[in-house]
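In case you want the letters, here they are:
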Amino acid sequence: MGARGELFTTQIYLDNRSYFFNVKENRTGDVFLQIVESKNRDGAEQDRHQIAIFADDMQKFLQGLNKSLDFVEKDRKQRQKAAKEKKAAKEAKYGASKKKYVVKSEKKSEPVKKTGRIHVVSKRPSTEDNSN
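Counting restarts for each chain: residues are numbered from 1 in the order of the written sequence. Reporting in this predicted model follows two pLDDT cut-offs: at least 70 for local features of residues, and 80 or more for side-chain atom pairs to be given and counted; totals over whole chains, interfaces and linings ignore these cut-offs and use all residues. Each side-chain value is worked out from all heavy atoms of the structure, with water and hydrogens disregarded.

This part covers the packing of aromatic side chains. Any two of the Phe, Tyr and Trp rings considered here, Trp counted by its six-membered ring, make a pair once their centres fall within 6.5 Å; the pair's planes then place it as stacked at under 30 degrees, edge-to-face at over 60, or tilted in between. What the rule picks out here adds up to one aromatic pair. Summarising the aromatic geometry, the rings of Phe-32 and Phe-54 are spaced 5.3 Å apart at their centres and angled 45° between planes, so their arrangement reads as tilted. On the criterion of sequence distance, the pair formed by Phe-32 in strand S3 (residues 31-41) and Phe-54 in strand S4 (residues 45-54) is long-range, its members being 22 residues apart. Whether a residue is buried, partly exposed or exposed follows from its accessible area with a 1.4 Å probe, protein chains only, as a fraction of its type maximum: under 20%, in between, or over 50%, in that order. Of the residues examined, Phe-32 reaches a relative accessible area of 13% and is grouped as buried. Segments assigned H or I by DSSP are reported as helices when at least four residues long, segments assigned E as strands when at least two residues long, and all are numbered from the N terminus.

Structure (structure tokens):
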């Protein structure tokens, strides 16, 4: 047995958080799972939260966790389906092709495909027209 009754420890590191899953044994011999979240805040300061689940309650805890994970997965799929339906409805209403915009000028109008970038058209006459 390790320091502070630790039997097993594993860690997961995410962006600015760390999760520790510690299997421990207390003085009376009860085995429990301790889950610790450690979050970095403003440099050196850390925010820590922990929960303990005793061996007798782990099955109920896992059932609740599995129900939650199933809900999250089902909700994610529903959101993806709704987004696809919304996109399909929008394409049906406006057409699947990209819109083309026409820049007005004295020359022949040519369609300009919108790419998300700003298109600047110079109003200054070319140097060939201003030859003195």
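Below, the discussion takes up a nonpolar patch on the surface. Patch membership needs two things, relative accessible area over 30% and no salt bridge, and members are linked within 9 Å if like-charged or within 5 Å if nonpolar (Val, Leu, Ile, Met, Phe, Trp, Tyr). The Shrake-Rupley method, run with a 1.4 Å probe sphere, supplies the accessible areas, and residue values consider only the shown protein chains as cover. The term salt bridge refers to a side-chain nitrogen of Lys or Arg lying within 4 Å of a carboxyl oxygen of Asp or Glu. On the surface, Ile-51, Phe-61, Leu-62, Leu-65 and Leu-69 cluster together into a nonpolar patch covering about 420 Å² of accessible area. Among the structural elements, Leu-62 can be located in helix H1 (residues 58-94). Under the relative-accessibility criterion, Leu-62 is labelled partly exposed at 39%.

Attention now moves to the pattern of salt bridges. Side chains that carry opposite charge are capable of pairing whenever their charged atoms lie near each other. One pass over the structure, following the stated rule, counts three salt bridges. For Arg-76, the salt bridge goes to Glu-73, with nearest N and O atoms at 2.4 Å. Of this pair, Arg-76 and Glu-73 are both found in helix H1, three residues apart, which corresponds to roughly one turn of the helix. Since its relative accessible area comes to 33%, Glu-73 is described here as partly exposed.

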